[in-house]
Amino acid sequence: MVLDNRSEVRKVLLITLLLNLVVMAIKASVGWWTGSLSLLADALHSVTDSANNVLGLVASRLASPKPDRDHPYGHQKFDALGALGIAAFLGVACFEILKGAIERTIAGFQHGLQPVKISAPELWILLIVLGINIFVTFYERNVGIRVGSPILVADAQHTMSDVWVTITVLLGLIGVWQARVLNLPALQWLDVILSFPVALLVFRSGWSVLTENLPWLVDEMAIAPEAIHTIAMQVPGTINCHEIASRGVVGRQVFIEMHLIVNAQDVEGAHRITEEVEARLAERFSPVRVLIHVEPPTYKSDRITYDR
């Protein structure tokens, strides 16, 4: 069974793209107006949010799960490639944030720190931005899990990092605001200091996206061979199964191959047994495509998988 939820994925990506553009514009405007390095870095992070949405739209257009002549296993790895593109964007954002923070730190020691001018109305605007980011995160993640879209889940992970970044920046700007009110110049350094944990949060999100999607691209085992063996052995007429292999991601698309020893004297009997095995595997791991090599009752093998 092949599931194609790309139209819903594109709808979600278009909605989040519009919201991310609004968020980016607000952060950039307030950051430029106040001279806040951490807020401008956060705006840069939001630029990658919008770029990720565009990347996701392109990947979703290409990532059809339906096989064709040139792609007999479907095109879903384009989806994982799009998620890796998100990880790359996060890496670039991390580098730019660290670069800006280091440059401003050096300039602050040499010529004095440029003060950040922030007021209460600007802080309230940033709270509204934070609310938009939180909505986008949960909306995108919930739909991504429901339809089994790695690009939506990865993008939600990215936006969640944006939520933590914005919270960190807000705390720093509140400290800077209080520095002006209480005349405490040392607190002006909060804006620069908090840029470093912001960069670490961005890097952590990118690493998470990378590790979640690499198994799909390198054909890592999707299901333990022992689990497949147990299900197959419950079907009447199955004597044994071996050379079991699987790849893909459970809930997204799984491909299973196996050799099945059946107690059948004709092709029709063997066919009935293999169809039952396929049906039970599909019930447990759908969507799944199963390839079974049938062997006669006299065949002997004690190898469940390729190495044991």
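The model shown is predicted, which means the values in this text are computed figures rather than measured ones.

(A) Local environment of the pattern of salt bridges. Under the counting rule described, the total for this entry stands at 2 salt bridges. Arg247 is paired through a salt bridge with Asp219; the nearest N and O atoms lie 3.7 Å apart. Of this pair, Arg247 sits in strand β1 (residues 238–249) while Asp219 sits in the loop between α7 (195–217) and α8 (225–233); the two residues are 28 residues apart in sequence, bridging distant segments of the chain. We note a salt bridge from Glu276 to Arg280, for which the minimum N-O separation is 2.8 Å. In this pair, Glu276 and Arg280 both sit in helix α9 (residues 267–285), 4 residues apart, roughly one turn of the helix. Overall, the relative accessible area of 33% leaves Glu276 in the partly exposed class. A relative accessible area of 26% means that Arg280 is categorised as partly exposed.

(B) Region of the structure containing the environment of Phe255. Examined against the element boundaries, Phe255 turns out to sit in strand β2 (residues 253–262). For the pair Phe255 and Leu291, spaced 36 residues apart in sequence, the C-alpha separation works out to 8.0 Å. Not counting residues within four places of it along the chain, the set of residues in contact with Phe255 comprises Tyr73, Ala245, Ser246, Arg247 and Arg289.

(C) Representation of the sheet that holds strand β3 (residues 288–295). Strand order in the open sheet formed by 3 strands is β1-β2-β3, and the pairing between neighbours is mixed. Looking at which strands have only one partner, the edges of the open sheet turn out to be β1 and β3. Neighbour-to-neighbour, the strand axes of this sheet turn through a mean angle of 15°, independent of strand direction. With 9 bridges connecting them, β1 and β2 associate as antiparallel partners. If you follow Gly248 over to β2, its bridge partner there is Val254. Packed on one face of the sheet, α8 meets β1 and β2 and runs near 135° to β1.

(D) Just the pairing of β2, in detail. Most of β2 sits inside the fold, with 8 of its 10 residues counted as buried. Once β1 ends, the chain turns through 3 residues before running back antiparallel as β2, passing Gly251 with a positive phi of about 95°. The handedness of the β2 to β3 crossover, carried by α9, is right-handed.

(E) Structural detail: α8. When α8 is considered as a whole, its buried residues turn out to be Pro225, Ile228, His229, Ile231 and Ala232. Projected down its long axis, α8 carries its buried residues within an arc of 165°, all on one side. If you follow the buried residues of α8, they end up packed against β1, β2 and α9.

(F) Here's a closer look at the packing of aromatic side chains. Across all of its chains, the model carries 1 aromatic pair by this definition. Here the aromatic rings of Phe135 and Tyr139 are separated by 5.6 Å at their centres, their planes lie at 5°, and the arrangement is stacked. Note that Phe135 and Tyr139 are positioned in helix α4 (residues 120–147) at a spacing of 4 residues, about one turn of the helix. When the ring centre of Phe255 is taken as reference, the NZ or CZ atom of Arg247 above it lies at 4.6 Å.

(G) Local environment of the nonpolar core. Counting 31 residues, the largest nonpolar core has Val9, Leu39, Leu152, Val169, Leu173 and Val202 as its most contacted members. Elements that contribute at least two residues to this core include exactly α1 (6–34), α2 (37–62), α3 (77–111), α4, α5 (150–182) and α7. Here this core gets 8 residues from one element, more than from any other, and that element is α5. Listed in part, the 21 residues of the second largest apolar core include Ile223, Cys241, Met258 and Val262.

(H) Structural context of the pairing of β3. As judged from the 8 bridges shared by β2 and β3, these two strands associate in the parallel manner. Residue pairing in the sheet places Leu260 in a bridge with Val294 of β3.

(I) Just the side chain of Glu140, in detail. On the secondary structure map, Glu140 appears in helix α4. Of the side chains bearing the opposite charge, Arg141 lies closest to the buried Glu140, which forms no salt bridge; the N-O distance is 10.0 Å. Excluding residues that lie within four positions of it along the chain, Glu140 makes contacts with Val12, Leu13, Thr16, Asn53, Leu152, Asp155, Ala156 and Thr159.

(J) Quick look at the side chain of Asn240. Topologically, Asn240 is positioned in strand β1. At 3.1 Å, the side chain of Asn240 and the side chain of His229 are in polar contact. Those residues in contact with Asn240 that sit more than four places away from it in its chain are His229, Met233, His259, Leu260, Ile261 and Ser301.

Rules used in this analysis
Residues numbered from 1 in each chain as written. Predicted model: local features only at pLDDT ≥ 70, side-chain atom pairs only at ≥ 80, totals over all residues. Heavy atoms only, no water. Salt bridge = Lys/Arg side-chain N within 4 Å of Asp/Glu carboxyl O. Helix = DSSP H or I, 4+ residues; strand = E, 2+ residues; numbered from the N terminus. Buried < 20%, exposed > 50% of the residue type's maximum accessible area, 1.4 Å probe, protein only. Contact = heavy atoms within 4.5 Å. Pairing = 2+ DSSP bridges. Axes fitted to C-alpha atoms, helices over the stretch in contact; angles between N-to-C directions. Right-handed = clockwise from strand over helix to strand, strands pointing away. Arc of directions from axis to C-beta. Phe/Tyr/Trp six-rings, centres within 6.5 Å; stacked < 30°, edge-to-face > 60°. Lys NZ or Arg CZ within 6 Å of the ring centre and 35° of its normal. Core = buried A, V, L, I, M, F, W, Y, C linked by side-chain atoms within 4.5 Å. Lys, Arg positive; Asp, Glu negative; His and termini not counted. Polar contact = N/O pair within 3.5 Å; in protein donor to acceptor, adjacent residues only side chain to side chain.

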